[in-house]
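What follows is each chain in one-letter form.
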Amino acid sequence: MKKVLLALMGLMATTTVMADGLQDIKDRGTLRCATLTDSVPLGYQDPTTREIVGLDVDLCKSLAKHLGVKAELQGVAVSARIPTLISGRADVVAAALGYTKDRAEQINFSSAYYQVPIKVLVKGDGGINSFADLADKRVSAIKSSTPELYARQQITDAKVVGFEDAPSAFLALQQGKVQGMAMTEPASIRFHTRSQNMRFLDQALHFEPNCVGIKKDETALTDAINKALVDMEASGELQALWDHWYGDQTEYKLVREKKLTAISDFQ
């Protein structure tokens, strides 16, 4: 009996080790993809339809299609992106997830499907023209975001204050509670264009590669996501997504300067 129990325990351990996220997705028929729900235009609630829409949302749907399954979308806070993957509550995260070496110790990253500068937004009449002018001042950023990380690294003499979401970080800037707001340029452009007295500092904190996050050691799933992204780049699908959400016909009018880039280029 003892030998049987030991054999069963060994089988269970082997099954755990051999768990295959890609096969689970195919067996289930859905790709559980976590996106932001409060970040225009990456993932947000359409005020008319009440549906969650955005560039990362469309990316999730396209990835699911390339894997031959349906997309099952779920909202996630910036601070919960990596915990959501580690816990297995989502198969992938497409939520303005920037690559960092520290994060890569916790999760897998796909190739970077877009890259954007992280900038600092300030009041036009605040007398701040460089990072040096922010010494002994306060800078807002979303908690657990790469803008928060790089603001702490690049503006060491400022106090970086974390907020739960972008509207709260921007409201603090409007109300004078902080003197700058660190955020990726695309995400902060809408705050800039809808406020008459805001401008970006010329300096960039960082040029951030944004990737799909996947649970650590899920090699087959990571490879499948990367293959789908390569196919989407080759067909023009990634460019079309960018143009739809960031192109000349939008308020952002941003050029996609960098195409799909292997994550090894950042390691």
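Numbers given for residues are sequential positions, taken from 1 along each chain in its written order. Residue-level local features of this predicted model are given only where pLDDT is at least 70; pairs of side-chain atoms are given and counted only at 80 or more, and the full residue set underlies all totals for whole chains, interfaces and linings. Note that water and hydrogens are dropped before the side-chain values are worked out from all heavy atoms of the structure.

Let's talk about the pattern of salt bridges
Oppositely charged side chains are able to pair whenever their charged atoms sit close together. The rule for a salt bridge is simple: a side-chain nitrogen of Lys or Arg has to be within 4 Å of a carboxyl oxygen of Asp or Glu. The final tally for this structure, using the stated rule, is 6 salt bridges. Between Arg-28 and Asp-91 there is a salt bridge, with its nearest N and O atoms 2.9 Å apart. Within this pair, whereas Arg-28 is found in helix H2 (residues 21–28), its partner Asp-91 is found in the loop between helix H4 (81–87) and strand S6 (92–98), the two being separated by 63 residues in sequence. In this structure, Arg-32 and Asp-91 form a salt bridge, with 3.0 Å as the shortest nitrogen-oxygen distance. A helix here means a DSSP run of H or I that spans at least four residues, while a strand means a run of E at least two residues long, and both kinds are numbered starting from the N terminus.

Quick look at the state of the cysteines
When two cysteine sulfur atoms are found within 2.5 Å, that pair is recorded as a disulfide. Summed over the entire model, instances satisfying the criterion amount to 1 disulfide. The disulfide bridge from Cys-33 ends at Cys-60, spanning 1.9 Å between sulfur atoms. Taken as a pair, Cys-33 in strand S1 (residues 30–35) and Cys-60 in helix H3 (residues 55–67) lie far apart in primary sequence, 27 residues in all. Residues Cys-33 and Cys-60 agree in their burial class; the two are buried. Free of any disulfide, Cys-211 has its nearest neighbouring cysteine sulfur in Cys-33, separated by 14 Å. Think of it in three bands: with a 1.4 Å probe and only protein chains considered, a residue is buried below 20% of the maximum accessible area for its type, exposed above 50%, and partly exposed in between.

Some details on the sheet that holds strand S2 (residues 38–39)
An order of S2-S3-S4 is seen for the 3 strands of this open sheet, with the pairing classed as antiparallel. Two strands lie at the open edges of the sheet, namely S2 and strand S4 (52–53), each paired on one side alone. A strand pair is defined by DSSP finding two or more bridges across the two strands. Pairing geometry for S2 and strand S3 (residues 43–45), over 2 bridges, is antiparallel. Each residue of the ladder has a partner; that of Asp-38, found in S3, is Tyr-44.

Points about the packing of aromatic side chains
In this analysis, rings of Phe, Tyr and Trp, with Trp reduced to its six-membered ring, are considered paired at centre separations within 6.5 Å, and the interplanar angle assigns stacked below 30 degrees, edge-to-face beyond 60, and tilted for intermediate values. Taken as a whole and assessed by the stated rule, the structure comprises 8 aromatic pairs. When the ring of Phe-170 is compared with that of Phe-191, the centres are 4.6 Å apart and the planes differ by 25°; the resulting orientation is stacked. Of this pair, Phe-170 sits in helix H7 (residues 166–174) while Phe-191 sits in helix H8 (residues 185–193), and the two are 21 residues apart along the sequence. The two residues Phe-170 and Phe-191 agree in class, both being buried. Judged by centre distance (4.6 Å) and plane angle (50°), the ring pair of Trp-242 and Tyr-246 falls under tilted.

Everything listed is a geometric property; what it means functionally is a separate question.
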